[in-house]
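# Understanding the architecture of this molecule
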Amino acid sequence: MTAAHQLLPGVKPATWPSSKYVREPACPAWMSHEDFEAAKHDPERLLELCHLKVQASQRTLDTTRKLTESLHNDPQYQYAQAVQSFEELRKEHLQLNDSYNDLETINETVQEVVEVLRTDKHQLLAELNALKREISIQSIENTKLALKEKEAVAFQEGLSKKLTSQEQQLAQLDDELRDYSNSQIQINNEIGALESAAHNLSLQTASLSELRNHLDSTRLQQEEAIRALEAEIEQKVDEVIGHDEQLWDFKRDMSARILALQRKVQAANDELSRLHRLSEHEMNTLSQQNRALNDELKSKTDQLFATRKEMNEFSNSARREINIKREEIQQCMSIVDLVERQNAGLEASIARMLEQNRVSENQIQEKDNINNKNLIEQANFIAMVHMELQTVREDLYMIKSRLCHHCRDRLLAGEQLDDEQEELLRIEQGPAAYAQSLGLAPAAATPGGHGPGVTQPPAIMPGSPRVGTAAELAEKDRVQDELRRAHDALEALNRQLLEEREERARERREEEDSRKQEEDDKLLRMQDEDLRRRRTADDDKRKQSGEDLKTFTIRFVNGTRKKVDAFLSDTVQDLINRVSSKIGVRPFEMFHLAHAVNENSVLGTVDRFLDKTKTLYEEGINTKCNLVFKFKHYKRLHRWSDVNTQDRFFQQLQRNVVTEYYPTPEKLAVALAGYELQVVFGDATGKKRHSYFDKVGLDAYLPVSVTPLGYEYWQERLYRNHKRKKGLSPTESRNKYIDKMRQSSSHWGMTFFDIRDKENRPFVAGIGEDGLHILSADKRVLIQSLRFMSGPNQLAGWEKSSTGIFVKKRDSKLMTLYASSKLQSEEMYNLLNEYYCMLPRDMQQGLGIEIPEREHVCQDLLPPETFLPPVEYRTLPVEFGSAAEYLKAIYLEQIFSPDDSDNRPGPVLKFINCIDEALDENLPVQSMDLSFAEMADSDWSMIAELIVRALDYDPAAEPSVAPAERLRSWQDNLQLEKLSVEGNDLSEASVPATKDVLNRCVALTDVNLSGLPLDNRHEAALVEPLMRLKLQKLAMCDCLIGDKGVRAILELFNNRTLTTLLLNGNRITANVMADLAGCLDLPYCVIDNIGLGTNKIQLRGLETLIQVMERARRPSILDFSDNPLQARGGQRFGQLVEQQCGLVDLDISNATGQMNITGDVGLYITRQLLNNPEMLRINFSDNSIGQNLHPLTDPSGQVTRDLPLEFFTFLEREAICNLTTLELNRCELNHDHGAALTSALLDNHKLKKLYLSGNKLSLADGSTPQGWVDLLEITGSLEELDMSLNGFQSRGLAVLFTALAKNRSLRKLTLDGNRVAGDDSSPLDEAAYMMSTNSTLVELRMAEMGIDDHLLERMAEGLSENSVMKKLIAPRNVITTRGILDSAKYFAVNTSLEELDLTCASVQQVEDEYMRAYKFLIDNTNLETILM
């Protein structure tokens, strides 16, 4: 505070306002607190202390530097330091190398961001400096105001002093006045003089008072001015504080930006981390680099020893000879040690090779044992098959022996007829052939036509009886079928043996090739090591001679970077060798270095390939140049000598595809992605399927221009393509990728350059192995091809100039100039020369083009015999090459086109999948299954319109395309034969679109229009286009068709191809059955399958239909379920079965209760089945068969008639019935019926599918009757069994599981709804035993069974030893996420399970736990489909 402020009372000094941004000065760490307190207010003292501290630090730094230099010059310290740092370098090498490469990759992006930030920083600093200048100016003004204030205060102080002195004078005058008043009487003569003097004094006093008042008013004004100045100062201070706050806000903003940039960097790191997965082979490279570092360390150690010896020589000149001797001795000892180490290494290598040989012998022995075991098992299997055949023959002989003579003659009449027909055939072939067939020697023919010794064959009368009964023929067919199946089994076994033999031979060849490859690799590694040692020694000499070693950054096509040290005097080939050694690949002639130059052209950067014979200095290369290590020529080699080299070529091609350097159609891109996935992941599994997009995007496999349908769609499609590549090794997959690209890509192997025509329009020149191609600027339109091969526009020569390249065509005297930059002209010229020199020699001779400096051009190229010939034909660069691709393209264009309306329909994925599956398998689109696709009228109308549009599309009308070439490459693969729109939300508005499709798709044979409401009004409109088709199957279920509509549909019988007509769920009555029967009775009718279920047809209509079926013996498949027939209808079905009119499949189920077949009627039907060999499937479901089907007893309680056993007699072995499928769902059956059923099935070898859902087959306590145990243990034919909702509980299920463990025929089992108690009776061990032992069960369904965590875990434990089961469907149980996590370790071991359904409400309660369990299953199992 100044003195002026101290003198003026009432004036408060101006203080600096407090701010949270102004910090108090703090004591630095290098100064004591006492010195800081003493010097805090003395700047000179503080500056002196700082100088002293700096001088002390400088002295310490000098001393430390000298000590460090002396220590570094000490060889012992250098050696110890090198040894100590080697371990640290070896540990940190992987992290530092990868981190360095990643940071270098990010560096360019970060540098750009830093440049932007630096620009912003400079602007902000300029603004800050401007603010500082304003603050300085304001502070100067404030100082001037303070000086003025001080002057005003000093002037005021002077006035105050004057006023004080005048007041003292006035006081003296007052005293004198009082004295004069006391002596007034005495001095009357002097009154006048005194009064005048007093008057003058009073005037002076008044003037002084006015002056005092004036001074008082002036003082107030000064105080107001001071207060105004203080307010203005406070305002300026507030402004400064505001600017300070703005700076802090800007700092926070910049911090936020930096954090955002850090997050972007982190995201970039996450994006780049996928390269680690795609670069597993880099581990080999890194190991080689570690070995290189080890070699370098050894060489440095030798150098240090040599340096130490040289120092001893210079420092001990007097003892030089002795030291030389010591050095010689030491060298000899080191040589001895080296030889010993080499011997030890050789001994270790020999021991390792012996161990490998022993392991290989053990493996071969194990494989031989396994093969012998397999052969023994196969021999046992063949013996078992022969035994079964023998048993069948014995059974056949036993059956024949039981027959009477007359029955045997009738049964064997067919065989006799066959023998007689064969004999007739032999007779027709001539006497010699006939005699030879009888085993007689051929003789000269007699005039009668018969040779000597040959009897006349008996004449066969055509009228003799030859045919047996239907039962006999059926038995004969059954035996022949069994013999045929046995023969097929033997053939399959022989094929399996041959395949195994070929597999073993292939494995032996692969092992031999692998052994040879390892030997070659070992030899090449030794050569590389020797070359590396020589290069290291040469580098040391060059560094000693004073040459500087530069560090160059090399970029690779996969985005990675490496730092490589080289001299400017090195040739480009030397640098290529150094890079090859750095990345662990063998030097290869096709490797090149390119300097990426940005010419701001259409293509961006241009690669200037460096001359391998020139030095880096001659090529103008420095450490700042952007160098790229890549292949220059795209040629397919006959054989790749190095896997790493092939992988580099594959990566370069794949990078060109995904970055759209090569525009690739989606169909080809997906096919290539399948090979890439096989290279990266190996054979497809469910676990790998979920890892496709783990930390990588879609652009890792596909171009960005593919269909934008989300990751789930692409994951499924890529997985389907990946599975098709099963069994391919990485090398084979890369070869397939290259070959597919070479055969199918229009841009294969092209290197692009920016060119312009006379009108300066931009084009692109693509130079490949077959010549020069001119394309549009976007590379998607081919304008002209100038090829080396014979044909139109054949190349005849080329010349370069500073403004472009001149090209001459054969049979033309003119040359065409393609203008370009000087650099690109040079590169195009060189590339054409080099590709020409790599052509087959006969082609070069035919062309006869002279190449300047041919020897120089060819010296770095592989001979032409190394490569395959150039591609003879390139596909046109078109957007789509087939009708299916065009259909998908225009559909997605309609779906994803900009639309202002909010109700734009989403894509129908089922429609897209139909097209994709055909395209990916390279097949025509023959099936368009859109059933239950959630389509509305607008969706189907759009699809129908686009199908018609695609069928009418003319590819020859495309602009800028040669029609003949386009038609040659066009695939008309939209050949619909099957169409289904069942189960969608369609209305009558979809009928016109359906008619358009039927009119245009002339190849349709199978049409399903179920769910399309026709309502007796639109049938005729659809029949008209259907009549023009060669229709074989038509389904119109649930279409509201009545009698009128059926009469219109019956016209289709005239096309003579319709075999299946399904009209279930309509409103058909008996009135139209006469018309239907009349059509069935037509001689040219071929209907074989009719579905009339869930209609309103009464008994009269059934009678009409049966009469025709008995006469015409068709159809063979009839669905008449849920029609109002009552009991009489069931008896009529029994009569139909009795007639044996060719019916093989009959559905008389009763889902809606309109037709109820009771036990007595069902018994009548099964009696007729007993002698019917034709019926193969019958469906009794939802009928009350079990109501009155009980054993009959006499008054004493003895069973007189076992009706359940009689009902199932048709399934006994002695029955003629050949039924393979029986459905008895919800038929009120109990355990007695189950006992009768199992008793009949014990010897049955025909039934394959049995459905018993919704009955009560268990005992009262929920246990399983013994008959089911015996049946499941011994059955050899039953493949599918449904026992859901039959009341089985834990005890019964335990018995079932035990029996199922011994079963060897079931492939699908359904146990839904049979409850498992959550107590000690839960069948834990039995379920685990069944899962681990059963070797045939493929699908198991266990929904709503009360399965808990313990049972699930035991089932999973059993599945860990199962290699057959593919589906486990167990939804709606009481499983928790804990149980799933505990079971996942067993699911991870299983290799066959593909689908797992554990959908439970208890699992979905906690979202986090649900996601954790789901992710755990995905990451640790091979499941393809997981539902929770």
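Our subject is the structure listed above.
Heads up: these notes are all about the structure in this document. (Residues numbered from 1 in each chain as written. Predicted model: local features only at pLDDT ≥ 70, side-chain atom pairs only at ≥ 80, totals over all residues. Heavy atoms only, no water.)

To continue, consider unusual backbone geometry. The omega torsion across arginine 1114 and proline 1115 is 5 degrees, close enough to zero to call that bond cis. Locating proline 1115 in the fold gives a position in the loop between α29 (1099-1112) and β19 (1117-1119). The backbone phi angle of glutamate 934 is positive, close to 60 degrees, even though this residue is not glycine. As for its placement among the helices and strands, glutamate 934 is situated in the loop between β13 (925-929) and α23 (937-951). In this structure, arginine 1372 is a non-glycine residue whose phi angle is positive, near 55 degrees. With respect to the element layout, arginine 1372 can be found in the loop between β29 (1367-1369) and α38 (1377-1387). (Helix = DSSP H or I, 4+ residues; strand = E, 2+ residues; numbered from the N terminus.)

Under the counting rule described, the total for this entry stands at 51 salt bridges. For aspartate 570, the salt bridge is made with arginine 542, and the minimal N-O distance between the two is 2.7 Å. In this pair, aspartate 570 sits in the loop between β2 (561-566) and α12 (572-583) while arginine 542 sits in helix α11 (residues 470-544), placing the two residues 28 residues apart along the sequence. Residue aspartate 570 is classed as buried on the basis of its relative accessible area, which comes to 2%. (Salt bridge = Lys/Arg side-chain N within 4 Å of Asp/Glu carboxyl O. Buried < 20%, exposed > 50% of the residue type's maximum accessible area, 1.4 Å probe, protein only.)

The subject of this paragraph is the environment of serine 746. Turning to its location among the elements, serine 746 is positioned in the loop between α17 (730-744) and β6 (751-756). Remark: the alpha-carbon pair of serine 746 and arginine 874, spanning 128 residues in sequence, is separated by 5.3 Å. Serine 746 has contacts with Arg874, Thr875, Leu876 and Pro877, leaving out every residue within four places of it along the chain. Side-chain polar atoms of serine 746 contact the side chain of histidine 747, separated by 3.0 Å. (Contact = heavy atoms within 4.5 Å. Polar contact = N/O pair within 3.5 Å; in protein donor to acceptor, adjacent residues only side chain to side chain.)

Below, the discussion takes up the nonpolar core. Counting residues in each nonpolar core, the largest one holds 191 residues, and the members touching the most others are Tyr701, Trp940 and Phe1133. Beyond its immediate sequence surroundings of up to four residues, tryptophan 940 is in contact with Leu930, Met935, Leu979, Val981, Leu986, Ser990, Ala993, Thr994 and Val997. Residues Leu653, Ala765, Ile767 and Met838 belong to the second largest nonpolar core, which totals 75 residues. (Core = buried A, V, L, I, M, F, W, Y, C linked by side-chain atoms within 4.5 Å.)

Let's shift gears to the pairing of strand β14 (residues 974-980). With 4 bridges joining them, β13 and β14 adopt parallel strand pairing. Directly across from aspartate 929, in β14, lies its bridge partner serine 980. Taken together, β14, helix α25 (residues 991-1000) and strand β15 (residues 1006-1008) form a β-α-β motif whose crossover is right-handed. (Pairing = 2+ DSSP bridges. Right-handed = clockwise from strand over helix to strand, strands pointing away.)

Glancing now at the packing of α23 against α25. At their nearest, the axes of α23 and α25 sit 9 Å apart, and the two run at 25 degrees to each other. When the axis of α23 is compared with that of α25, the two are roughly parallel. Note that α23 runs across α25; the crossing there is left-handed. Taking contact as the criterion, the partners of Trp940, Ser941, Ala944, Val948 and Leu951 in α23 are, on α25, Ala993, Thr994, Asp996, Val997 and Arg1000. (Axes fitted to C-alpha atoms, helices over the stretch in contact; angles between N-to-C directions. Parallel < 35°, antiparallel > 145°, perpendicular 65-115°, else oblique. Left-handed = near helix turned anticlockwise from the far one by under 90°.)

Moving on: the pairing of strand β8 (residues 771-775). Along β8, 5 of the 5 residues are buried, which leaves the element largely enclosed by surrounding structure. Strand direction decides the pairing type here: strand β7 (residues 762-768) and β8, joined by 5 bridges, are antiparallel. Bridge pairing links alanine 765 to isoleucine 774 in β8. Connecting β7 to the antiparallel partner β8 that follows it, the hairpin turn spans 2 residues. Examined bridge by bridge, β8 and strand β9 (residues 782-787) share 5 bridges and lie antiparallel to one another. Residue histidine 773 lies in a different strand from β9, and its bridge partner there is serine 785. In textbook terms, the turn of a hairpin is the stretch between consecutive antiparallel strands, and for β8 and β9 this stretch comprises 6 residues, one of which, lysine 779, has a positive phi near 70 degrees.

A few words now on the side chain of histidine 722. Position of histidine 722 among the secondary structure elements: in helix α16 (residues 710-724). Owing to a relative accessible area of 0%, histidine 722 belongs among the buried residues under this scheme. For histidine 722, the residues in contact, after removing those within four places along its chain, are Gly674, Leu677, Gln678, Phe681, Gly682, Asp683, Ala684 and Tyr692.

The end-to-end C-alpha distance of helix α18 (residues 822-837), which contains 16 residues, comes to 23 Å, matching closely the 22 Å that a straight helix rising 1.5 Å per residue would cover. Of all the 16 residues making up α18, 13 are buried; the element is thus mostly covered by neighbouring parts of the structure. (Expected span 1.5 Å × (residues − 1).)

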